[in-house]
Amino acid sequence: MIKSEDISKILDAARIEDVVGVFVPLKKRGSNYIGLCPFHDEKTPSFNVNPARGIFKCFGCGEGGDSVAFLMKHQHYTYPEALRWLAERYHIHIEETEATAEEKQAQSEKDRLFHINEFAQKYFQDLLFNDEEGKSIGLSYFEERCLSKDTIRRWGLGYCKDSWDDFCNAARKEGYTDEELVKAGVAIRNENTGSIYDRFRARVTFPIFNIGGRVLGFSARILSSDKSKAKYVNSPESIIYSKSNVLFGLHLAKDKIIKEDLCYLVEGNMDAVMLNQNGVFNVVATSGTALTTQQINLIKRYTRNVTVLYDGDSAGIKATFKAVNLFLEQGLNVRTVLFPDGEDPDSFARKRTSDEFKAFLVEQSQNFIIYKTNFLKQQAADDPVKKAQMLQDIVHTISLVPDLLERSTYLQQCSSILEFDEATLSNALKKQLHQNALNKAKQETAKSDIVVEKSIIDVPIPTQKQIIQGDNNSDYEQEKGVIKLLLAHGERYTRQEVYDESGSLTRQEVLVSLFIVCDIVNDGIKFNDKVFAKIFKLFKESICDREELPYMNDFIANEDTEIKNLTAEILVGDRELSPLWIEKNIPVASLEDDEVFDKYVIETLLRFKLQKINATIRDIKEQLKEIKDPQESSILLYEYKKITDRRNFISKKLNQVCMN
Ligand SMILES: [Zn+2]
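The sections below set out a description of the structure shown in this document. (Residues numbered from 1 in each chain as written. Predicted model: local features only at pLDDT ≥ 70, side-chain atom pairs only at ≥ 80, totals over all residues. Heavy atoms only, no water.)

### Description of the sheet that holds strand β10 (residues 215-222)
Adjacent strands of a sheet pair through backbone hydrogen bonds, lying either parallel or antiparallel.
Part 1: With respect to topology, four strands assemble into an open sheet ordered β6-β9-β10-β11, the strand pairing being antiparallel. What marks the edges here is a single partner per strand, and that holds for β6 (158-160) and β11 (232-234). If you compare each strand with its neighbour and ignore which way they point, the axes differ by 35° on average.
Part 2: Sheet topology places β6 next to strand β9 (residues 203-209); three bridges connect them, and they run antiparallel. The partner of Tyr-159 across the bridge, within β9, is Val-204. (Pairing = 2+ DSSP bridges. Helix = DSSP H or I, 4+ residues; strand = E, 2+ residues; numbered from the N terminus. Axes fitted to C-alpha atoms, helices over the stretch in contact; angles between N-to-C directions.)

### Remarks on the coordination of the zinc ion
Part 1: The protein atoms that coordinate the zinc ion are Cys-37 (SG), His-40 (ND1), Cys-58 (SG) and Cys-61 (SG), at distances spanning 2.1 to 2.3 Å.
Part 2: Viewed at the metal, the four donor atoms of the zinc ion are separated by angles of 101 to 118°, and the geometry they form is tetrahedral.
Part 3: Linear spacing of the donor residues for the zinc ion on their chain is C-x2-H-x17-C-x2-C. Here His-40 is found in the loop between β2 (32-35) and β3 (47-50), whereas its partner Cys-58 is found in strand β4 (residues 55-58), with 18 residues between them in sequence. (Donors = N, O, S within 2.8 Å, 3.2 Å for Na, K, Ca; no water. Tetrahedral: all angles 85-135°; square planar, octahedral: opposite > 155°, others 65-115°.)

### Comments concerning the side chain of Gln-432
Part 1: Residue position: Gln-432 is located in helix α20 (residues 422-448).
Part 2: Within the local environment of Gln-432, its side chain forms a polar contact with the side chain of Gln-392, the two groups lying 3.4 Å apart.
Part 3: Once residues within four sequence positions are removed from consideration, Gln-432 is found in contact with Gln-392, Val-395, His-396 and Ser-399. (Polar contact = N/O pair within 3.5 Å; in protein donor to acceptor, adjacent residues only side chain to side chain. Contact = heavy atoms within 4.5 Å.)

### Notes on the pattern of salt bridges
Part 1: On inspection of all chains with the given rule, the structure shows 25 salt bridges.
Part 2: Ionic pairing is found between Lys-612 and Glu-479, a salt bridge with its closest N-O pair at 2.4 Å. With Lys-612 in helix α28 (residues 594-626) and Glu-479 in helix α22 (residues 475-489), this pair connects stretches of sequence that are 133 residues apart.
Part 3: Judged by its relative accessible area of 9%, Lys-612 is buried.
Part 4: For Glu-479, a relative accessible area of 1% corresponds to the buried category.
Part 5: Across the pair Asp-560 and Lys-534 runs a salt bridge whose closest N-O atoms are separated by 2.6 Å. Of the two residues, Asp-560 is situated in the loop between α25 (552-556) and α26 (561-573) and Lys-534 in helix α24 (residues 530-545); the sequence distance between them amounts to 26 residues.
Part 6: Each of Lys-530, Lys-534, Asp-560 and Glu-562 takes part in salt bridges that share partners, so that together they form one network. (Salt bridge = Lys/Arg side-chain N within 4 Å of Asp/Glu carboxyl O. Buried < 20%, exposed > 50% of the residue type's maximum accessible area, 1.4 Å probe, protein only.)

Pasting the structure below:
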């Protein structure tokens with residue numbers, strides 16, 4: 001039990017932005033902080049931290065609370081554990097009375113599993129340093145690999161004895177049941193006898209930590225040369241550990257990744273440990289498993305720049321190629337470093353001083369696509385079949401880059417490396433992009449069981465007027481309505497339907513600018529008016545790239561006079577609402593009413609979207625008339641079906657809004 005006076009001391013000392021900042025990269029925005037929510041998957045930040053009130057709040061999923069609530073939710077701590085964590089961070093001495101049996105009982109199952117793994121980590125490390133077998137086998141292995149005692153402690157490395165139940169017995173003495181040990185993955189049950197035994201016996205252990213530094217499981221390496229046994233044994237998936245969601249070493253690397261704006265990615269745990277010892281702190285490992293999209297998203301929270309350091313052997317290169325395609329698809333910049341034959345990052349780092357090694361990484365790092373092109377060119381030499389495959393392969397990789405401008409730069413560079421006609425490559429790239437789109441369309445069609453038939457294009461497009469009587473706003477007016485909302489009310493909160501973590505729509509408080517910008521970006525809608533487009537771009541860059549709201553001053557005092565004048569006109573001169581609202585005799589002042597305002601926000605957005613969608617539908621219909629190629633027209637038809645469904649959905653919503 002923690003005394004109540006200690007609890008108040010802890011709560012007084014805790015600074016929410018500091019506590020949350022340990023786990024979530026935050027950026028200052030006005031007097032608050034903003035970041036990507038750790039409780040739901042999002043691309044644009046709706047997670048707010050308010051230092052003045054000492055609370056956090058996510059406007060996407062609704063999570064919120066104080067420092068203690070954050071730690072309990074994020075780290076799965078119990079209330080006393082969260083307080084202890086804070087006490088340690090703020091150097092507050094606490095006097096505790098022994099926990100009662102009931103308190104122990106009350107720990108949730110997750111907590112028990114964390115505790116077992118943490119107990120195992122300490123137990124294995126104790127064996128490594130203090131047990132005869134641990135020292136002669138485990139410690140000597142790490143010493144042969146040149147790891148210092150400091151490094152071993154920092155990474156929590158250990159040794160599990162060559163015995164069937166040495167660890168299980170120790171854990172039982174701590175009060176853990178056989179069932180819990182199996183659930184935590186540290187023990188395995190023999191189906192025949194029903195008894196349990198140590199999963200990691202006769203192996204050195206690498207604990208796997210979550211971002212906050214709690215032990216989720218282990219990766220354990222065998223030391224004998226017994227070929228019948230797996231080199232590495234990992235903890236199985238459990239309610240606390242999902243291997244596709246974890247990167248080895250991220251808890252130690254994350255701050256440095258942010259600082260250097262770069263993440264080194266290695267394959268093996270030992271590579272990460274060795275690089276860290278050699279002064280390269282911004283390094284994480286995939287632990288030898290295939291890279292997942294979730295892992296890429298973890299990295300993306302901290303940086304957009306990745307340098308892949310895989311082995312120079314052919315399996316390593318193949319793995320690199322695969323990993324990098326995934327990165328490119330996610331819009332990350334990828335570089336790679338080639339190690340000399342027969343070396344891996346671990347062995348190479350061991351032979352160099354920290355400075356030599358760091359210099360090597362900088363000098364040798366090269367853009368991945370360029371590297372791949374050079375590599376394949378060498379491999380193909382004069383073999384025409386290999387050459388054709390190589391072109392296909394490179395074009396495929398370039399096609400994965402989301403940015404058009406970058407794609408064309410790569411195309412130029414690759415054509416010059418390969419001494420190949422740029423126009424031919426460009427044609428191949430177009431075909432590949434087309435193929436990618438077709439594959440995607442096929443996948444999605446398969447998912448949604450949509451039957452695409454030519455007859456659907458004969459359905460007439462209702463005009464805006466048919467959907468809502470009396471609305472004859474031009475495209476310009478619609479765009480202006482959205483920009484006005486952003487400039488005049490961007491920092492106000494509105495209650496709107498937002499998707500929550502489980503994917504269902506709920507009404508939530510959300511910042512107007514966040515709501516509008518995310519929605520328009522998600523739909524890929526473009527502004528036609530040049531000045532509106534510029535203003536929207538500033539909002540988008542600020543919110544999506546820098547994760548903060550733009551300052552009004554950036555618009556009012558913009559060096560671009562068109563932006564400056566339009567902002568002034570909208571903010572000062574132009575007091576009217578949308579024409580329809582004028583028709584309805586709704587005064588500007590009524591927007592002070594939250595309910596009226598919420599309606600105004602959603603109506604403005606929906607009208608804007610409907611206008612854009614109808615224009616796209618007209619475009620597609622025009623294109624369909626021209627196209628003869630059945631493959632190409634099937635893509636367009638699929639697009640057509642999708643967008644008309646969307647149009648019907650939006651006009652239905654708009655009708656609902658207008659009727660209320
Ligand atoms: Zn959230």
